[in-house]
Amino acid sequence: MEDGTSKSLGSCGDTDDDYDVLQWDTREDCEVRQILDRIADKWSLLVIALLDRRSLRFTELRRKIDGVSQRMLTRTLRQLERDGLVSRTVHPTVPPRVDYELTPLGSTLHDTIRALVTWTEEHQNEIAAARAAYDTRAAAEQETAQREAAERQAVARQALTLPS
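The structure contained in this document is the topic of the report that follows.

Examining the sheet that holds strand β2 (residues 86–91)
And step 1. Spatially, 3 strands are ordered β1-β3-β2 in an open sheet, and the strand pairing comes out antiparallel. The open sheet has two edge strands, β1 (56–57) and β2, and neither has a second partner.
And step 2. Of the strand pairs in this sheet, β2 and strand β3 (residues 97–102) are connected by 6 bridges, and their pairing is antiparallel. Within β3, the residue paired with His 91 across the bridge is Arg 97.

Encoded structure:
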C-alpha cells in the first residue's frame, strides 16, 4: 500500500455548498486528497488526455509525452490502472504488445480535464498579465529591501567608526 493511503475507503461527507475543504486533511477515512494528488499531476493529466480518443501502446504514449521518463510513465500508468481510470491489455505476441485505454470511469474524468483545459485557454492572457505584474512587484520589493538593508549596514558601520 502506498504511503499516505488509507486502508479503508470512506466518504468525506456532503459536497454541497457548505462543504469544508480542510476536512480532506483531517478525516482518516477520506481518500479525496490522495485521489486529487494522483489525478492532478502533470503526467496523469497528459496520459488521460491522450487516451481520450483511442488506446495507445506504451511506446506511443512515451513518444507523445515530452519529458516523461520510462520509469515515470510506467509508474503513472500503474497508478491510473489501480485507480480504475486506465485499463491495460497484454497481447500474447513476441515481443508482448501492451495497450492502454481509458475505462468508462476514466472517460468521465477526461470531460472534467477538458473543462479545465478550456478554462485555462480562455484565461491564459489574464494569468500571464497577473504573473508579469506579480514579478514586477516582487522585484521592486526585493530591490527596496536590499536598498534598506544596505542603508542600515551603512548606518551601523558609521556608528562603529564614530569616536565615543
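Considerations on unusual backbone geometry
And step 1. Backbone torsion omega between Val 94 and Pro 95 reads -10°, so that peptide bond is classified as cis.
And step 2. Structurally, Pro 95 can be placed in the loop between β2 and β3.

Observations regarding the pairing of β3
And step 1. Direction of pairing for β1 relative to β3: antiparallel, over a ladder of 2 bridges. What sits directly across from Leu 56, in β3, is Tyr 100.
And step 2. Hairpin connection from β2 to β3: 5 residues lie between these consecutive antiparallel strands.

Focus: helix α5 (residues 70–82)
And step 1. Counted at 1.5 Å a residue, the expected span for α5 with its 13 residues is 18 Å, and the 18 Å between its end C-alpha atoms agrees.
And step 2. Among the residues of α5, those classed as buried are Leu 73, Thr 76, Leu 77, Gln 79 and Leu 80. Along the long axis of α5, the arc covered by the buried residues comes to 165°, so they all point the same way. Relative to its buried face, α5 has exposed residues pointing more than 90 degrees away, namely Arg 71 and Arg 78.
And step 3. Along its buried surface, α5 packs onto α2 (32–39), α3 (42–50), α4 (58–64), β2 and β3.
And step 4. At the exit of α5 stands Gly 84, carrying a positive phi of roughly 80°.

A short note on the environment of Arg 57
And step 1. Structurally, Arg 57 can be placed in strand β1.
And step 2. Beyond its immediate sequence surroundings of up to four residues, Arg 57 is in contact with Arg 97, Val 98 and Asp 99.

About the criteria used
- Residues numbered from 1 in each chain as written.
- Predicted model: local features only at pLDDT ≥ 70, side-chain atom pairs only at ≥ 80, totals over all residues.
- Heavy atoms only, no water.
- Pairing = 2+ DSSP bridges.
- Helix = DSSP H or I, 4+ residues; strand = E, 2+ residues; numbered from the N terminus.
- Expected span 1.5 Å × (residues − 1).
- Buried < 20%, exposed > 50% of the residue type's maximum accessible area, 1.4 Å probe, protein only.
- Arc of directions from axis to C-beta.
- Contact = heavy atoms within 4.5 Å.

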